[in-house]
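# Observations on chain architecture
The lines below spell out each chain.
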Amino acid sequence: MRQRIRPLAAAAAALVVVAGGVPAVAQVETTIIVDTTSDVVDFGGGQTVADLPGPDGLTSLPEATVASTNTLGPETIAFDIPTTDPGFDGTEFVIQIDPDPVPQRVAFGLEIGDDATTIDATTQPGGFAIVVQGGPQSTTDPDGGLRIASSGNAVIGLGVRGYANAIQADGGPNNRIADVTATGNANAILFSGGGTGGEVSGSTVSDNLRIGIGAINTADIVIDGNTIVGNGNEGVFIQNGDRVSVTDNLISGSGIAAILHRGGVVGMVAGNTITDNDIWGIMVQGGQFSQQLTITRNSIANNGALGIDLLGGKEDPAGSPGGGVTRNDAQDRDEGANGLLNYPERLSAVDDGTATTVEGRITSPDPQSITVELFANDAPDPSGFGEGETFLGTATADAKGRFTATLPAGLAGQWLTATSTDALGNTSEFSEAVQVAVPKK
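In this report, we go over the structure that sits alongside the text.

Let us look at the sheet that holds strand E6 (residues 92-96). Pairing within the open sheet is parallel, and its nine strands lie in the order E6-E9-E12-E15-E18-E21-E24-E26-E28. Only two strands of the sheet have a single partner each, and these edge strands are E6 and strand E28 (299-301). Shown here is a sheet whose adjacent strand axes are inclined to one another by a mean of 10 degrees, direction ignored. Of the pairings in the sheet, the one linking strand E15 (residues 181-183) to strand E18 (residues 204-206) comprises three bridges and is parallel in character.

This is the structure we're talking about:
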């Protein structure tokens, strides 16, 4: 019979020196081997890893999560399912879990309730995918796939599809979701409430009915290096999320916005490719509750409305699905999302074949504290205020708000735009686009 539970020898042999120099044996990590695509739990709810496998001689993924939750200490749930299993279709192993077929009653198919548990689907021999599947789901069916209700856990390489919320982390800090594939759900990956401190990285989050990745009433979430495409509402949705970092992702094809930021302070949106979203690239709502969102060095292009829209200015048409350009004010002392920071104005750019010289102006109580970012675009946005397709460089202003930048040659005919970022980290909307000229003869 296959060994289904084994302690990791390295962990068992490790010694830890604690205060006072007294050695203590490190906590043993146990590996649980899932060897079937069945969702059967053929024992009661109180079993630990010592009680595995169940009476049928097999260990299902639901049994593994139940036993792990009931066992103190770290566990890794690994996979070794034979290709003769009826859930194998030649390319992937599908574990069908419909937690509760009763409409409008919330249930999750799987739950991690003990700290320091890892579900690692990349352990399956042959490199075949492990997919947990419900549904098909709709926005009216509340069944969830995997709930993370504890701290310091990891979910690696798992596929989850067909649920209202594919993966929901709401029970504690420092949970990591890496290299997962979440498609065909209502919402894909959500951090909320107690899910403070977490990471989603290297994952494919696509074709979900509503939200790709969400950070809701939480803080210190990192969303990095993911492919987030074709989601019905937002690629990334942040609501009352402090210190949320969205970096180096591809976010495209969202039905509303690539990123919708609705309340939260001290966030970062950096190095992302944000293209072809139906309405906004980045929409920042929430007025005085949405501040210090730094938007830097992204590629933002070909979105249906503004690349960056700060809601709260007089020029934002009430009820308009596309928002509107918030015009600069004389002293830049107004309130709203990101303080409605003024964007650069009076831009001009000339490419003389050796270099491109850019000039412009900032209106601010402290213009020398502003960092200007410059971007090139193949064409201006229909609003005339451009987006920011290719990051070119930065500039800083003098005490009168005037700035000059020298960029490489070869930009003639391109459309230049710029943003401002103040010392607190607030970033403006994009400036009006200006075409790079050549010297007059």
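From this point, the discussion proceeds with the structure in view.
The next thing to look at is the nonpolar core. Counting 63 residues, the largest nonpolar core has Phe79, Ile189, Val246, Ile259 and Ile282 as its most contacted members. In terms of residue count, the dominant contributor to this core is strand E27 (residues 280-296) (four residues). Setting aside its immediate chain neighbours within four residues, Phe79 contacts Ile33, Val34, Leu61, Ile95, Ile119, Asp120, Ala121, Thr123, Gln124, Pro125 and Ile130. Counting 19 residues, the second largest nonpolar core, distinct from the first, contains Ala376, Ala395, Ala397 and Ala418.

Position of Asn208 relative to the elements: it lies in the loop between E18 and strand E19 (213-219). Residues in contact with Asn208, not counting those within four places in the same chain, are Ala182, Thr183, Gly184, Asn185, Ala186, Ala188, Gly230, Asn231 and Gly232.

All told, the structure shown has three cavities of 30 Å³ or more when counted by the stated rule. Estimates place the volume of the largest cavity at around 60 Å³. Lining the largest cavity are Leu310, Thr326, Arg327, Asn328, Asp329, Asp334, Leu340, Leu341, Asn342, Tyr343 and Glu429. Here the residues of the lining of the largest cavity sort into four nonpolar, three polar and four charged.

Glancing now at the layout of surface pockets. Approximately 310 Å³ is the volume found for the largest pocket. Lining the largest pocket are 20 residues, and of these Asp332, Leu341, Asp422, Leu424 and Asn426 sit closest to its centre. Grouping the amino acids of the lining of the largest pocket by side-chain chemistry returns five nonpolar, nine polar and six charged.

Counted residue by residue, strand E13 (residues 165-169) has five buried out of five residues, so it is predominantly covered. In the sheet, strand E10 (residues 144-148) pairs with E13 via four bridges, with the strands oriented parallel. Each residue of the ladder has a partner; that of Arg147, found in E13, is Gln168. Pairing between E13 and strand E16 (residues 187-192): four bridges, direction parallel. Counted as the bridge partner of Asn165 is Asn187 from E16.

Cut-offs used in this document
Residues numbered from 1 in each chain as written. Predicted model: local features only at pLDDT ≥ 70, side-chain atom pairs only at ≥ 80, totals over all residues. Heavy atoms only, no water. Pairing = 2+ DSSP bridges. Helix = DSSP H or I, 4+ residues; strand = E, 2+ residues; numbered from the N terminus. Axes fitted to C-alpha atoms, helices over the stretch in contact; angles between N-to-C directions. Core = buried A, V, L, I, M, F, W, Y, C linked by side-chain atoms within 4.5 Å. Buried < 20%, exposed > 50% of the residue type's maximum accessible area, 1.4 Å probe, protein only. Contact = heavy atoms within 4.5 Å. 1 Å grid on protein atoms, 1.4 Å probe; cavity = no way out; pocket = protein on both sides within 12 Å on 5 of 7 lines; lining within 4 Å. Points joined across faces, edges and corners; volume = space filled by probe spheres on them. Nonpolar A, V, L, I, M, F, W, Y, C, P; charged D, E, K, R; others polar.

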